[in-house]
Number of protein chains: 2
Amino acid sequence: MGEDRVARAPAVGADPLTRATELAAAAVAGDRHALARLLTAIENRTPVAEAALRQLYPTGGRAHLVGITGPPGAGKSTLVAALIAEVRAAGRTVAVVAVDPSSPITGGAILGDRVRMQAYAADRDVFIRSMAARGHAGGLASTTGAACSVLDAVGFDLILVETVGTGQSEVEVASSADTTVVLEAPEMGDEVQAIKAGLLEVADLVVVNKGDRPGAQRTAAQLRAMLVAAPVVGADPADAGRPRPKRPDVLITTAATGEGVPELLAALDRHRAGLTRAPTEDGAPTAARLARADAQVRAILADRIADRLRVAPLADDAAATLRAVAEHRVDPFTAADRLLAAIGREIAS
Amino acid sequence: MGEDRVARAPAVGADPLTRATELAAAAVAGDRHALARLLTAIENRTPVAEAALRQLYPTGGRAHLVGITGPPGAGKSTLVAALIAEVRAAGRTVAVVAVDPSSPITGGAILGDRVRMQAYAADRDVFIRSMAARGHAGGLASTTGAACSVLDAVGFDLILVETVGTGQSEVEVASSADTTVVLEAPEMGDEVQAIKAGLLEVADLVVVNKGDRPGAQRTAAQLRAMLVAAPVVGADPADAGRPRPKRPDVLITTAATGEGVPELLAALDRHRAGLTRAPTEDGAPTAARLARADAQVRAILADRIADRLRVAPLADDAAATLRAVAEHRVDPFTAADRLLAAIGREIAS
């Protein structure tokens, strides 16, 4: 998002609610600069972001959210680019949220955007955005979830969320999508091998990329063997909203040439159709959608509580309590219970 | 921790408080099997863990907590092994908490332990433990923080927390230590290069490992240049408890041979001495220690609230609200505010 584009965005009022209403309406009408500004507001957690999400959220729920994760070097970005081309060839719209690993703390997630946006600068039906969560626990899930809610409400058919598969938060973000794709490449190092086992647990589809390299078929066979040995995902009662437990398919792609990518898109569509066609008896939402709702609500709850602890009348008490914990005069459980009681009194009053 | 060891641990009572008191007393007295069981309780978030932490926490605060992070392949485990040897040669005790990247979701963090423990099986002054946080947001910081509190209270001089440098939670865990070491290796790939910039922001010390490889000196020079160009960490008012802002030193080690490791330990000691010698005017705890206290208390607060939402009288209301969010009938902010009001009434009643 160059500054020149932001400067050309429609003029907006000073009051957050008015600004949010204007930006949301513009974004829904197809204004990509307004959309970009909304996503910036979400990253910065401004009042405009909250007001816009409150308005937009109820109109969403139709997009197919696909998480793509895997170890560094598996070719996630190349595969995402190949998927975009395939989805566009099919006449559908696609948004990408790339959780950039370059700066987990302050997030300088810019470079990838610029490079990748250029190819689709003239295509309004492709939208690519890197996101970085700024230094608070759970920030990644919360920011990414909110961004996806906006992209969903704005009408994108497919939303790809790309994350690196070596962080707890990053894997959680990808695994809470409707469909989770775990990407591997042939013959990666030992440390990467170790990562695989953990990632397979969250996969709905496994893709061996760089299929033109020697060893791709062998890697795919190894992965199929690991999946047969592993417990079937979905057997847990908590996954009740999911379709019948099923071992993930293993596909081979060569993202750089596009080979196998049409088959991947078909597999994504099949997985989604399975989710839609097989609801639980009472038509409950899928486990993935409940988990996303839960994560979003929990993150907001945590923010609300943090807000209350930062301002009067609780701020002084909270600061003194945290200092006592840092000096080991009070244990963190006693501190948490003390603050919780104070918060309860404050909310109820 | 083999099962045979667990079986040899002292018999404990059935009531969590009694068990916690017995395990905590045994761990403080030097019983490593009791310590291992306490850490398992922490991973599993049992009532024994909370009771033990309440007892042990106030006796801690003396250990030097060192975070070691870096991209996959930089040689973190080898450097940790070399540091252990150096610390032991100096007659000090050391505990290692390795946040294992192999399973971010369910945590199969076992293999590394077995291999690494063997070398120190007979040395009671070395304790090595892999930790994995089980599927809840903020779980990694909370579990690792609690584990470090126990290791601190039990009397280890130095606690090394080793995490992979490509995940938000993982980097946060390492960067909330008293001293954060960012490890790099010469001439890694492009994606790893991109990770560097983000990690440098959290470094108190930068180490180029695999110093015997061609390009180590050049990599160190590049890193020094990047650090000169970057804003000085600690200039932020939030870092008020830290000593005078200072650019991190860049050291070169060859962990496999031990070269440069004595200098690294000396640098860690110097950094710690700087933290201790330069408190703020009112003797406040350092920013890192306040941040750790804050993270621990926040995680417990979030757990307490989640607990209240899971049981009557709030459970039905919470489930219906989350379903409404999953079905896009209610936005997550409205849902959070509704639940917060219910929680406040519940706590105050």
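Residues numbered from 1 in each chain as written. Chains lettered and ligands numbered in written order. Predicted model: local features only at pLDDT ≥ 70, side-chain atom pairs only at ≥ 80, totals over all residues. Heavy atoms only, no water.

**Student:** Just checking my understanding: could you explain the overall build of chain A for this structure?
**Tutor:** Along the backbone of chain A there are 14 helices and 7 strands. Burial statistics for chain A: of 349 residues in total, 55% are counted as buried. Long-range pairs, those at least 24 residues apart, make up 75% of the contacts in chain A with a sequence separation of at least 6. (Helix = DSSP H or I, 4+ residues; strand = E, 2+ residues; numbered from the N terminus. Buried < 20%, exposed > 50% of the residue type's maximum accessible area, 1.4 Å probe, protein only. Contact = heavy atoms within 4.5 Å.)

**Student:** Help me understand helix 10 (residues 216–229) of chain A, please; the structure alone is not making it clear to me.
**Tutor:** All names here are of chain A. Between its first and last C-alpha, helix 10 extends 20 Å over 14 residues, near the 20 Å set by a 1.5 Å rise per residue. Listed as buried for helix 10 are Ala216, Thr219, Ala220, Leu223 and Leu227. For helix 10, the buried positions fall inside an angular range of 100° around the axis, keeping them on one side. Exposed residues pointing more than 90 degrees away from the buried face of helix 10 are listed as Gln217, Val228 and Ala229. (Expected span 1.5 Å × (residues − 1). Arc of directions from axis to C-beta.)

**Student:** Hey, could you run me through the domain arrangement of chain A in this one?
**Tutor:** A common way to express how large an interface is: the accessible area buried when the components associate. Residues and elements named next belong to chain A. Taken as a whole, chain A is organised into domain 1 (1–59), domain 2 (60–233 + 244–277) and domain 3 (295–348). Listed by partner, the interface residues are 23 residues for domain 1 and 25 residues for domain 2. Where domain 1 abuts domain 2, roughly 2,100 Å² becomes buried across the two surfaces, and 55% of that area is made up of carbon and sulfur atoms. The tally of links from domain 1 across to domain 2 stands at 1 salt bridge. The residue Arg129 makes a salt bridge to Glu43 at a minimum N-O spacing of 3.0 Å. Put simply, domain 1 and domain 2 have 7 residue pairs in polar contact (both at pLDDT 80 or more) between them. Contributing elements (two or more residues each) for the side of domain 1 that touches domain 2: helix 1 (3–8), helix 2 (16–28), helix 3 (32–44) and helix 4 (47–56). For the side of domain 1 that touches domain 2, the element with the highest residue contribution is helix 3, accounting for 9 residues. When its residues are assigned to classes, the side of domain 1 that touches domain 2 shows 13 nonpolar, 5 polar and 5 charged. (Domains from an automatic or database assignment. Buried area = accessible area lost by both parts, 1.4 Å probe. Salt bridge = Lys/Arg side-chain N within 4 Å of Asp/Glu carboxyl O. Polar contact = N/O pair within 3.5 Å; in protein donor to acceptor, adjacent residues only side chain to side chain. Nonpolar A, V, L, I, M, F, W, Y, C, P; charged D, E, K, R; others polar.)

**Student:** Where do I start with the environment of B:Asp212 in this structure?
**Tutor:** All names here are of chain B. Looking at where Asp212 falls in the secondary structure, it is placed in the loop between strand 6 (205–208) and helix 10 (216–229). Note on Asp212: relative accessible area 57%, which makes it exposed. Through-space distance from the C-alpha of Asp212 to that of Asp269 is 25 Å; in sequence the pair is 57 residues apart.

**Student:** Is there a simple way to explain the pattern of salt bridges in this structure?
**Tutor:** Side chains that differ in sign of charge can pair as their charged atoms come close. For the structure on display, the rule yields 32 salt bridges over all chains. Of the charged contacts, one joins A:Arg92 and A:Asp269 as a salt bridge, the two residues approaching to 2.8 Å between their closest N and O atoms. Taken together, the residues span a long stretch of sequence, with A:Arg92 in the loop between helix 5 (76–89) and strand 2 (94–99) and A:Asp269 in helix 11 (residues 261–277) at a distance of 177 residues. A relative accessible area of 26% places A:Arg92 in the partly exposed class. A residue is classified by how much of its surface remains accessible, and A:Asp269, at 30% relative accessible area, is partly exposed. A salt bridge links B:Arg88 to B:Asp125; its shortest N-O distance comes to 3.6 Å. Pair noted here: B:Arg88 is in helix 5 (residues 76–89) and B:Asp125 is in the loop between helix 6 (111–118) and strand 3 (126–131), with a separation of 37 residues, a long-range link. B:Arg88 gets classed as partly exposed once you look at its relative accessible area, which sits at 22%.

**Student:** Help me out: how do you make sense of the packing of aromatic side chains in this one?
**Tutor:** Any two aromatic rings considered together are summarised by their centre-to-centre distance and by the angle between their planes. Residue and element names in this part refer to chain A. According to the stated counting rule, one finds 2 aromatic pairs over all chains in the structure shown. Between Phe127 and Phe156 the ring centres are 6.3 Å apart and the planes differ by 40°, which places this aromatic pair in the tilted class. One end of the pair, Phe127, is in strand 3 (residues 126–131); the other, Phe156, is in the loop between helix 7 (139–154) and strand 4 (158–164), with 29 residues separating them in the sequence. Accessibility assignment for this pair places Phe127 and Phe156 in one class, buried. (Phe/Tyr/Trp six-rings, centres within 6.5 Å; stacked < 30°, edge-to-face > 60°.)

**Student:** I keep staring at the packing of helix 3 (residues 32–43) of chain B against helix 4 (residues 47–56) of chain B and nothing clicks. Help me out?
**Tutor:** A pair of packed helices can be characterised by two numbers: the angle between their axes and the separation between those axes. All names here are of chain B. Two numbers describe how helix 3 lies on helix 4: the axes approach to 8 Å, and their chain directions differ by 120°. The angle between helix 3 and helix 4 falls in the class oblique. Taken as a pair, helix 3 and helix 4 cross one another with a handedness that is left-handed. Along the contact surface, helix 3 presents Leu38, Ala41 and Ile42, while helix 4 presents Val48, Ala49, Ala52, Leu53 and Leu56. Residues that form the contact of helix 3 with helix 4 fall into these classes: 8 nonpolar, no polar and no charged. (Axes fitted to C-alpha atoms, helices over the stretch in contact; angles between N-to-C directions. Parallel < 35°, antiparallel > 145°, perpendicular 65-115°, else oblique. Left-handed = near helix turned anticlockwise from the far one by under 90°.)

**Student:** Teacher, can you tell me more about the sheet that holds strand 4 (residues 158–164) of chain B here?
**Tutor:** Adjacent strands of a sheet pair through backbone hydrogen bonds, lying either parallel or antiparallel. All names here are of chain B. Pairing in this open sheet of 7 strands is parallel, and the strands run 3-2-4-1-5-6-7 from one edge to the other. This sheet does not close on itself; its edge strands, each paired only once, are strand 3 and strand 7 (249–252). Averaged over neighbouring strand pairs, the angle between their axes works out to 20° when direction is ignored. Two elements, strand 1 (residues 64–70) and strand 4, share 7 bridges in a ladder whose sense is parallel. (Pairing = 2+ DSSP bridges.)

**Student:** How should I be thinking about the nonpolar core in this particular structure?
**Tutor:** What tends to happen in soluble globular proteins is that the nonpolar side chains get buried as a cluster. A:Leu35, A:Val150, A:Leu151, B:Leu35, B:Val150 and B:Leu151 are the most contacted members of the largest nonpolar core, which has 120 residues in total. Residue contacts for A:Leu151: discarding those within four places in its chain leaves A:Leu35, A:Leu39, A:Ala95, A:Val97, A:Phe127, A:Phe156 and A:Ile159. (Core = buried A, V, L, I, M, F, W, Y, C linked by side-chain atoms within 4.5 Å.)

**Student:** What exactly am I supposed to notice about empty space enclosed by the protein here?
**Tutor:** A probe matching the size of a water molecule, rolled over the atoms, marks out where space remains unfilled. Tallied over the entire structure, the rule returns 6 cavities of 30 Å³ or more. Size it by volume and the largest cavity reaches roughly 160 Å³. Every residue lining the largest cavity is counted, 15 residues in all, and those nearest its centre are A:Leu65, A:Ser149, A:Asp152, A:Arg292 and B:His328. Here the residues of the lining of the largest cavity sort into 8 nonpolar, 4 polar and 3 charged. (1 Å grid on protein atoms, 1.4 Å probe; cavity = no way out; pocket = protein on both sides within 12 Å on 5 of 7 lines; lining within 4 Å. Points joined across faces, edges and corners; volume = space filled by probe spheres on them.)

**Student:** Is there a simple way to explain the environment of A:Asp125 in this structure?
**Tutor:** Looking at A:Asp125, the relative accessible area reads 27%, which means it is partly exposed. Ignoring anything within four residues of it in the chain, the contact list for A:Asp125 reads A:Arg32, A:Arg88, A:Thr93, A:Val94 and A:Phe156.

**Student:** When you look at the pairing of strand 3 of chain A in this model, what are you seeing that I'm missing?
**Tutor:** For a regular strand, side-chain orientation follows a simple rule: the groups alternate between the two sheet faces. All names here are of chain A. Among the 6 residues that make up strand 3, 6 are buried, leaving the element largely enclosed by the rest of the structure. Residues Val126, Ile128 and Ser130 line one face of strand 3 and the alternating positions Phe127, Arg129 and Met131 line the opposite face, and both faces are buried. Here 6 bridges tie strand 2 to strand 3, and the two strands are oriented parallel to one another. Bridge pairing in strand 3 places Val94 opposite Val126.

**Student:** I tried to follow the sheet that holds strand 4 of chain A on my own but got confused; where do I start?
**Tutor:** Residue and element names in this part refer to chain A. Sheet architecture is open: 7 strands sit in the order 3-2-4-1-5-6-7, paired in parallel fashion. The open sheet is flanked by strand 3 and strand 7 (249–252), the only strands paired with a single partner. The average undirected angle you get between the axes of adjacent strands in this sheet is 20°. Where helix 10 meets the sheet, its contacts fall on strand 5 (179–184), strand 6 (205–208) and strand 7, and the angle it forms with strand 7 comes to roughly 170°.

**Student:** It is not clear to me how the packing of helix 4 of chain A against helix 14 (residues 332–348) of chain B should be interpreted in this structure. Could you clarify?
**Tutor:** For the pair helix 4 of chain A and helix 14 of chain B, the least separation of the axes is 8 Å and the interaxial angle reads 100°. Comparing their axes, helix 14 of chain B and helix 4 of chain A come out roughly perpendicular. For the pair helix 4 of chain A and helix 14 of chain B, the contacting residues are A:Glu50, A:Leu53 and A:Arg54 in the first and B:Phe333, B:Thr334 and B:Asp337 in the second. Of the residues assigned to the contact of helix 4 of chain A with helix 14 of chain B, the class counts are 2 nonpolar, 1 polar and 3 charged.

**Student:** Looking at this model, I keep getting lost on the confidence of the model for chain A. Mind explaining?
**Tutor:** Atomic detail in the predicted coordinates should be set aside for any region of low pLDDT. All names here are of chain A. When pLDDT is averaged across chain A, the result is 82; 79% of the residues are at 70 or more. Every residue in residues 102–114 scores below 50 in pLDDT, and together they form 35 contacts with partners more than four places removed in sequence or on other chains. Note that residues 233–244 has pLDDT below 50 and, in this model, 24 contacts with residues that lie over four places away or in other chains. In the predicted assembly, ipTM is 0.84 and pTM is 0.81. (pLDDT = per-residue confidence, 0-100.)

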